[in-house]
Amino acid sequence: MIMRSTATYFLLIALSVSASVTWAQNRQDSTTSWKSNDRGTHFTHDPAEQLTKQEHISQLRELALELDPLSAAKERNSLLQQISELQLSLKQYDQSLATYSQILESPYQEETRDAHISAHQALAFLRSSRGEYDQSLRHLRVLISLLPSDDYHELSIIHSQLAQTYLSMGAVDSAWIAASTCLEFAEQDGKDWLIGKAYNSQGLITVRLEDYSLSTEYFLQAIEHFRSTNKPFHLVPVYNNIASSFARQGNYHRAHEYAIQALEIADSANFITYRARSLRVLAEIAQSRDSLDKAETLYTEARQDFLQSNIHVSASECARAVALLYRQRDNPEGMQRYLKYAEEDALETDDVLNHYFNRLLRARYQLLIGKSAFAQMRARDLYQEAIALDDSEAKLGALKLWEDASLQQQIYPVAYRARYQIDSIEQALFAAKDLQIMHFLENRFQRREKEIEIQELSAAQSRLESSLAKRRAWLQRLMILGAALALIIVVGYYLLRKQRRLTRQVTAQSQVISQSLEEKDLLLREIHHRVKNNLQVVNSLLSLQSRSIDDPDVQRALRDGQNRVKSMALIHQNLYKDVERLDAVDAGNYIKKLSESLFRSYNVDGNQVILETRVDDVRLDIDLIIPLGLILNELISNSLKHAFPDDRPGTLAISLDQSAATTTLTVADDGVGVPADKLDMDQSGFGQNLIRNFARKLKADLSTSHLHGTRTTLIFPSA
């Protein structure tokens with residue numbers, strides 16, 4: 001339901017961006033295509049204006065019928081486009097669909113090309129808003145075939161819509177491929193707002209996969225590009241998206257900050273629809289924090305803004321959310337009042353699922369007032385309807401109502417059967433999500449490997465071109481010298497042949513040596529690459545395993561194991577990416593990436609706990625960096641987990657100093673430290689044992705101080 005409502009939401013935004021432009025102006029510029037239509041569509045509410053527009057549609061229709069689709073295709077398509085826009089302003093969506101389809105009946109040629117592209121774009125939006133995603137995909141694919149291969153701007157926009165459509169269908173892997181392609185075209189086009197749009201799409205996809213840490217990274221990249229455009233309305237949707245992502249991570253403070261920023265921008269620019277969306281996100285955050293009165297106020301205000309923007313589906317959803325709040329308070333009168341609002345708002349829409357969930361909530365109301373037999377009967381009917389709709393969320397809603405009504409009547413066998421079906425559907429959804437995650441990871445890894453291969457081929461081609469250019473320059477100089485020294489041409493010819501022979505010998509020997517070196521480097525990089533990939537697979541398996549475990553201690557242990565695996569994977573990633581050396585790692589870069597990864601893993605706010613690093617220009621070989629990385633992982637993890645409880649601010653400082661004889665690692669925090677009565681228990685833990693064992697492996701002197709926080713120093717031989 002949410003995905004389909006979102007599609008309608010975006011369509012209505014596209015149709016009402018500048019409602020202040022009059023209908024008369026719309027009539028004057030009949031040749032403007034859908035893709036460049038910045039005039040918007042003014043939804044008509046005045047009966048006299050509606051009648052006038054309907055009469056104008058009839059007049060245009062008569063004119064279009066008089067034109068031949070073959071000989072006067074351009075003029076006929078222009079009239080049809082005017083008709084379809086007028087029909088949209090009257091909310092005659094079925095008629096508008098039919099009119100746009102008539103444009104495609106004309107033969108495709110140069111003079112009708114723009115009209116065909118505009119029609120396909122409009123039909124793709126309209127089909128998607130009605131939940132007809134397969135047909136929307138067909139129009140988008142045709143658009144891709146019609147656009148020139150170097151029209152990066154339009155191709156990026158089309159692939160962005162393609163990603164949204166796939167996401168609405170639940171095809172996450174296809175959505176990721178489309179979003180990645182969108183990003184490639186956007187980067188080739190070079191416009192920051194297009195790049196930001198692509199990153200925002202990738203963020204929405206990773207939210208669907210519940211990888212909120214990664215989605216936050218994508219949303220932050222989108223924000224960075226949108227800010228450079230100096231167009232604040234680009235920032236509002238992505239601020240709302242990152243706020244929702246933080247809220248799902250339980251970081252309500254950051255979620256509230258971003259949602260408030262989105263609301264302030266929307267208010268300052270008078271973006272009513274964006275303001276409504278921001279209010280709705282704030283309401284969801286308040287509801288998650290059990291601030292039900294505040295959530296009701298925000299939902300109600302958002303509903304009024306959605307109604308003002310003619311987005312009745314979202315208005316109905318807000319009213320339904322308030323009704324559920326009253327159900328949570330066991331207040332049937334309030335629930336009935338807002339349920340009535342939800343049903344009234346839905347009268348203006350043709351969203352099937354929205355009507356369905358209103359009926360489901362109506363049955364919930366009957367159960368709340370004690371009419372359990374009636375609620376059970378309605379649940380059975382709604383479940384059959386959900387089967388016809390083939391919507392899992394609708395099925396679960398009907399089955400849960402059926403279970404609750406049966407329990408209230410003490411009909412336990414029926415309740416048991418409903419619970420069994422609920423568990424089956426939820427298990428199927430969980431398995432499908434796991435499969436989507438695996439496909440997503442596989443596509444991501446394959447795409448990264450392909451990018452690395454392309455970079456390596458490009459570098460090899462550049463080296464070859466440079467070598468050929470040098471050889472051509474050398475031959476040119478030799479020819480000029482031969483022409484100037486005609487008296488010694490015989491000697492020159494002899495020397496030239498000898499030089500060529502020597503060149504071939506040297507080239508052959510150089511190729512053998514170069515090929516051997518490249519094969520060695522390639523083999524080492526491949527080894528490091530495969531080790532890194534295998535460690536990432538282990539990390540993914542640990543992540544999947546943690547989802548099926550409820551014990552928080554086991555989950556923490558699995559997360560600590562994940563972080564240790566990540567610390568080793570990061571080493572091998574740096575090794576195979578390093579263009580200078582394959583046997584040593586830049587310690588400064590590694591410590592920075594490891595620290596940032598652990599901050600994300602433990603959801604630590606970088607503004608709350610300040611990270612300070614001071615690392616000499618040091619490169620450490622793999623025999624040193626692996627045990628050192630695992631020790632660092634434990635020390636940083638201990639500080640982030642224990643040093644700053646209850647959102648206590650502080651500083652975590654890491655330094656690495658190297659002299660000719662020794663290297664010194666220091667990790668210090670100004671946190672709460674370790675109480676004296678818990679020192680023995682702290683020293684006997686697995687992490688401390690791991691630190692001591694690896695310190696012995698490094699032949700290091702290890703010392704720890706708990707004065708004003710915790711400070712650990714490790715001194716080991718440099719070579």
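Owing to the predicted nature of the structure, the values given are computational and were not obtained by experimental measurement. (Residues numbered from 1 in each chain as written. Predicted model: local features only at pLDDT ≥ 70, side-chain atom pairs only at ≥ 80, totals over all residues. Heavy atoms only, no water.)

A. Structural context of the overall build of the protein chain. Across its full length, the protein chain holds 27 helices and seven strands. Here the protein chain, with 719 residues, has 45% of them falling under the buried criterion. With an accessible surface of roughly 37000 Å², the protein chain has 53% of that area assigned to carbon and sulfur atoms. (Helix = DSSP H or I, 4+ residues; strand = E, 2+ residues; numbered from the N terminus. Buried < 20%, exposed > 50% of the residue type's maximum accessible area, 1.4 Å probe, protein only. Areas by Shrake-Rupley, 256 points an atom, 1.4 Å probe, with all protein chains shown as cover.)

B. Region of the structure containing the packing of helix H6 (residues 113-129) against helix H7 (residues 133-146). Two numbers describe how H6 lies on H7: the axes approach to 8 Å, and their chain directions differ by 155°. By the angle class used here, H6 and H7 are roughly antiparallel. Like other packed secondary-structure pairs, H6 and H7 cross with a definite hand, here left-handed. Taken together, the residues of H7 that come into contact with H6 (itself represented by Arg113, Ile117, His120, Gln121, Leu123, Ala124, Arg127 and Ser128) are Tyr133, Gln135, Ser136, His139, Leu140, Val142, Leu143 and Leu146. Along the lines of polarity and charge, the residues of the contact of H6 with H7 split into eight nonpolar, six polar and two charged. (Axes fitted to C-alpha atoms, helices over the stretch in contact; angles between N-to-C directions. Parallel < 35°, antiparallel > 145°, perpendicular 65-115°, else oblique. Left-handed = near helix turned anticlockwise from the far one by under 90°. Contact = heavy atoms within 4.5 Å. Nonpolar A, V, L, I, M, F, W, Y, C, P; charged D, E, K, R; others polar.)

C. Local environment of helix H17 (residues 332-346). Its 15 residues give H17 an end-to-end C-alpha distance of 21 Å, which sits within 8% of 21 Å, the value for a rise of 1.5 Å per residue. Those residues of H17 that fall on the buried side of the exposure criterion are Pro332, Gly334, Met335, Tyr338, Leu339, Ala342, Asp345 and Ala346. Down the axis of H17, the smallest arc covering the buried residues is 155°, so these residues share one side. As for H17, its buried residues are in contact with helix H15 (292-308), helix H16 (312-328) and helix H18 (352-368). Put simply, Asn331 is the residue that caps the front of H17, since its side-chain oxygen is 3.3 Å from the backbone nitrogen of Glu333. (Expected span 1.5 Å × (residues − 1). Arc of directions from axis to C-beta. Polar contact = N/O pair within 3.5 Å; in protein donor to acceptor, adjacent residues only side chain to side chain.)

D. Region of the structure containing the packing of helix H25 (residues 622-643) against helix H27 (residues 686-697). Where H25 meets H27, the closest approach of the two axes is 9 Å, and the angle between their N-to-C directions is 150°. Taken together, the axes of H25 and H27 are roughly antiparallel relative to one another. In terms of crossing hand, the pair formed by H25 and H27 is left-handed. Residue-level contacts link Pro627, Leu630, Ile631, Glu634, Leu635 and Asn638 of H25 to Gly687, Gln688, Leu690, Ile691, Phe694, Ala695 and Lys697 of H27. Residues of the contact of H25 with H27, tallied by class, amount to eight nonpolar, three polar and two charged.

E. Region of interest: the packing of aromatic side chains. For the structure on display, the rule yields ten aromatic pairs. Here Trp176 and Tyr218 contribute two aromatic rings whose centre-to-centre distance is 5.7 Å and whose plane-to-plane angle is 55°, an arrangement assigned as tilted. In this pair, Trp176 sits in helix H9 (residues 172-189) while Tyr218 sits in helix H11 (residues 212-227), placing the two residues 42 residues apart along the sequence. With respect to burial, Trp176 and Tyr218 carry one shared label: buried. Judged by centre distance (5.9 Å) and plane angle (10°), the rings of Phe246 and Tyr258 are stacked. (Phe/Tyr/Trp six-rings, centres within 6.5 Å; stacked < 30°, edge-to-face > 60°.)

F. The arrangement of the side chain of Thr663 in detail. Secondary-structure assignment places Thr663 in strand S5 (residues 662-669). For Thr663, the side chain forms a polar contact with the side chain of Gln658, separated by 3.2 Å. Other than its neighbours up to four places away in sequence, Thr663 contacts Leu656, Asp657, Gln658, Leu714, Ile715, Phe716 and Ser718.

G. Local environment of the sheet that holds strand S6 (residues 701-705). The strand order across the open sheet formed by five strands is S2-S4-S5-S7-S6, and the pairing between neighbours is mixed. Looking at strand neighbours, the two that pair on one side only are strand S2 (609-615) and S6, the edges of this open sheet. Across the sheet, the mean angle separating the axes of adjacent strands is 10° when strand polarity is ignored. By the bridge criterion, eight bridges tie S5 to strand S7 (residues 710-717) in an arrangement that is antiparallel. Residue pairing for S7: Val667 is matched across the bridge by Thr712. Of the strands in this sheet, S2 and strand S4 (650-658) touch helix H24 (residues 587-601), which is tilted by about 165° from S2. Seen against the sheet, H25 touches S4, S5 and S7 and runs at an angle of roughly 15° to S5. (Pairing = 2+ DSSP bridges.)

H. Local environment of the pattern of salt bridges. Following the criterion strictly, the structure yields 23 salt bridges and no others. Arg113 is the partner of Asp114 in a salt bridge, and the nearest nitrogen-oxygen pair spans 3.4 Å. Assessed through its relative accessible area of 18%, Arg113 is described here as buried. With a shortest N-O distance of 2.7 Å, Lys592 and Glu596 are connected by a salt bridge. Of this pair, Lys592 and Glu596 are both found in helix H24, four residues apart, which corresponds to roughly one turn of the helix. Residue classification places Lys592 among the partly exposed positions, given a relative accessible area of 44%. The partly exposed category is assigned to Glu596, whose relative accessible area is 32%. (Salt bridge = Lys/Arg side-chain N within 4 Å of Asp/Glu carboxyl O.)

I. Spotlight on the environment of Leu347. Here Leu347 lies in the loop between H17 and H18. Taking the relative accessible area as the measure of exposure, Leu347 reaches 67% and is therefore exposed. Sequence-wise, Leu347 and Val313 are 34 residues apart; in three dimensions their C-alpha atoms are separated by 9.3 Å.

J. Looking closely at a positive patch on the surface. A contiguous patch of positive charge on the surface is contributed by Arg497, Lys498, Arg500, Arg501 and Arg504. One can find Arg501 in helix H22 (residues 489-547). Accessibility expressed as a relative area gives 41% for Arg501, which makes it partly exposed. (Patch = residues over 30% accessible without salt bridge, like charges linked within 9 Å, V, L, I, M, F, W, Y side chains within 5 Å. Lys, Arg positive; Asp, Glu negative; His and termini not counted. Charge placed at Lys NZ, Arg CZ, Asp CG, Glu CD.)

K. Looking closely at the pairing of S5. Within S5, seven of the eight residues are buried, which leaves the element mostly enclosed by the surrounding structure. Of the strand pairs in this sheet, S4 and S5 are connected by seven bridges, and their pairing is antiparallel. Following the sheet pairing, Ile654 is matched in S5 by Val667. Counting the residues that bridge the hairpin from S4 to S5 gives three residues.

L. Quick look at the pairing of S6. By the bridge criterion, five bridges tie S6 to S7 in an arrangement that is antiparallel. Directly across from Thr704, in S7, lies its bridge partner Thr712. Hairpin connection between S6 and S7: a loop of four residues separates the two successive antiparallel strands, and His708 in this loop has a positive phi of roughly 55°.

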